[in-house]
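Structural features, examined
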Amino acid sequence: MPDRNPTRDAIVDQLAALADLPGIRDKADAVREACTRLRFHEALRRRIPEAAAESRVRGARASAALDGVDYPLDLVRELTTGARPWPDDLSPDLATLKGAIAATAESERVASIVRTAPLQALARLHVAAASPFVHGGGADVTNALGRPRVAGEDSAEFVDLGPAPDAAEVSQRLTQLADLIVGASQATDRVPAVVISSIVHGEVIAVRPFTHGNGLVARALERALIQALGLDPTGVAVPEAGHVANGAVTYTGSSAAYGKGTAAGVGLWLGQAADAVLKGVAEGERISDAVRAGRLG
């Protein structure tokens, strides 16, 4: 029998209570059922890598779009696969896109550690997301890659949420976030996986632990958890596209509501996030249909 951790037990109790907010378990059940259908799609019997690679292309494009950078899917695919080279000097928009592509790709690699070493996964995702800005994106973040903000550093992202927490609060909340992930990952019988991934996503946005790239990291971490927790083990769903489909206003508004910490605000965020994952599964099904038909991109 595993050793009990009172802190993590309390976190799991809190998450279970959030999962019992009105309508959330019904949405979580719908997401789980949709993911099960996707897992057994005929195209995924032998061609998971092809479908998952396309999911990451579409996920990266959508994640960049949520940061205000929207490029055609064909261009994103060409840049991802190397069919089109990156320019030597990246504009801020291209740096955002490159960071989205790198973080989304890294999400697959950190899926193996995110349940047990979440802060290491978070650091790796930030290195991937923010590295393009070191030389080409107009922000010198060399010394901040892969580490949370320290005293004197701020983040100007997600301004609708108000001022970002200071460095001391960031440190405290990241410790709590790590406990949440480790504890909840061992209690998916009590807390639906989509609730865990959504809370983590919302918390990274609320805390804004890095000077730059918090949205890209939050969405990549959500993707990694959806895969690592067994909700979508194939990695074919595109939750980022679901957030885009819900609308940028819904995304920013519900994340701001989450940041207030009220039951109503958290419930609003969890509801829209579950809807986004459900739409992301539908996008994964379209990818799988295209793979089966031999007409992918």
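Residues numbered from 1 in each chain as written. Predicted model: local features only at pLDDT ≥ 70, side-chain atom pairs only at ≥ 80, totals over all residues. Heavy atoms only, no water.

Right, let's get into the environment of Gly267. You can see Gly267 is positioned in helix α12 (residues 263-293). Accessibility expressed as a relative area gives 17% for Gly267, which makes it buried. Ignoring sequence-local partners within four residues, the contact set of Gly267 consists of Leu21 and Ile24. (Helix = DSSP H or I, 4+ residues; strand = E, 2+ residues; numbered from the N terminus. Buried < 20%, exposed > 50% of the residue type's maximum accessible area, 1.4 Å probe, protein only. Contact = heavy atoms within 4.5 Å.)

To continue, consider the confidence of the model for the protein. Of the residues in the protein, 95% have a pLDDT of 70 or more, and the chain-wide mean is 93. Per-residue pLDDT stays below 50 along residues 136-140; that stretch engages in eleven contacts with residues further than four places along the chain or on separate chains. (pLDDT = per-residue confidence, 0-100.)

Let's shift gears to α12. The periodicity of an α-helix, 3.6 residues per turn, causes residues three or four positions apart to be oriented the same way. Under the 1.5 Å per step criterion, the end-to-end length of α12 is 45 Å for 31 residues, consistent within 8% with the ideal 45 Å. Taken from the residues just after α12, Gly294 is the one with a positive phi, measuring 70°. (Expected span 1.5 Å × (residues − 1).)

For the pair helix α8 (residues 193-207) and helix α11 (residues 248-259), interaxial distance at closest approach is 9 Å and the crossing angle is 85°. Classified by the angle between their axes, α8 and α11 sit roughly perpendicular to one another. Along its contact with α8, which presents Ile199, His201, Gly202, Glu203, Ile205 and Ala206, the element α11 presents Tyr251, Ser255, Tyr258 and Gly259. Of the residues that constitute the contact of α8 with α11, the class distribution is five nonpolar, four polar and one charged. (Axes fitted to C-alpha atoms, helices over the stretch in contact; angles between N-to-C directions. Parallel < 35°, antiparallel > 145°, perpendicular 65-115°, else oblique. Nonpolar A, V, L, I, M, F, W, Y, C, P; charged D, E, K, R; others polar.)

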